[in-house]
Amino acid sequence: AWEAKNEFIVGPMRHCVKAGYHPLAWRKAIVVALPKSNKHDYSNPRAYRLIQLLECLGKVLKWIVAVRLAY
């Protein structure tokens, strides 16, 4: 399946790297606030740990750019 459909991912990735563009849709994240254990006052924002769930294609593009910059 990957061999037949890889251009649907590889093509846009190449274009983004060449143009120096990171699409806005790939930069979006879902943030979840998890309460820390053993905290007495949950009205304090420091009593929560924020977890960001990022878009997979955005992560892949950031990794490609990081590898190219390190090379």
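Residues numbered from 1 in each chain as written. Predicted model: local features only at pLDDT ≥ 70, side-chain atom pairs only at ≥ 80, totals over all residues. Heavy atoms only, no water.

Caption draft 1: Structural view of the nonpolar core. Among the nonpolar cores identified, the biggest contains five residues, and these are Met13, Cys16, Trp26, Leu61 and Ile64. Only α2 (7-19) and α3 (56-70) provide two or more residues apiece to this core. (Core = buried A, V, L, I, M, F, W, Y, C linked by side-chain atoms within 4.5 Å. Buried < 20%, exposed > 50% of the residue type's maximum accessible area, 1.4 Å probe, protein only. Helix = DSSP H or I, 4+ residues; strand = E, 2+ residues; numbered from the N terminus.)

Caption draft 2: Examining the packing of α2 against α3 more closely. Look at α2 against α3: their axes get within 11 Å of each other, and the N-to-C directions meet at 50°. Here α3 runs oblique to α2, going by the angle between their axes. Both α2 and α3 take part in a crossing whose hand is right-handed. Residues Ile9, Met13, Cys16 and Val17 of α2 lie in contact with α3, whose contacting residues are Leu57, Val60, Leu61, Ile64, Val65 and Arg68. Per-class residue counts for the contact of α2 with α3 are nine nonpolar, no polar and one charged. (Axes fitted to C-alpha atoms, helices over the stretch in contact; angles between N-to-C directions. Parallel < 35°, antiparallel > 145°, perpendicular 65-115°, else oblique. Left-handed = near helix turned anticlockwise from the far one by under 90°. Contact = heavy atoms within 4.5 Å. Nonpolar A, V, L, I, M, F, W, Y, C, P; charged D, E, K, R; others polar.)

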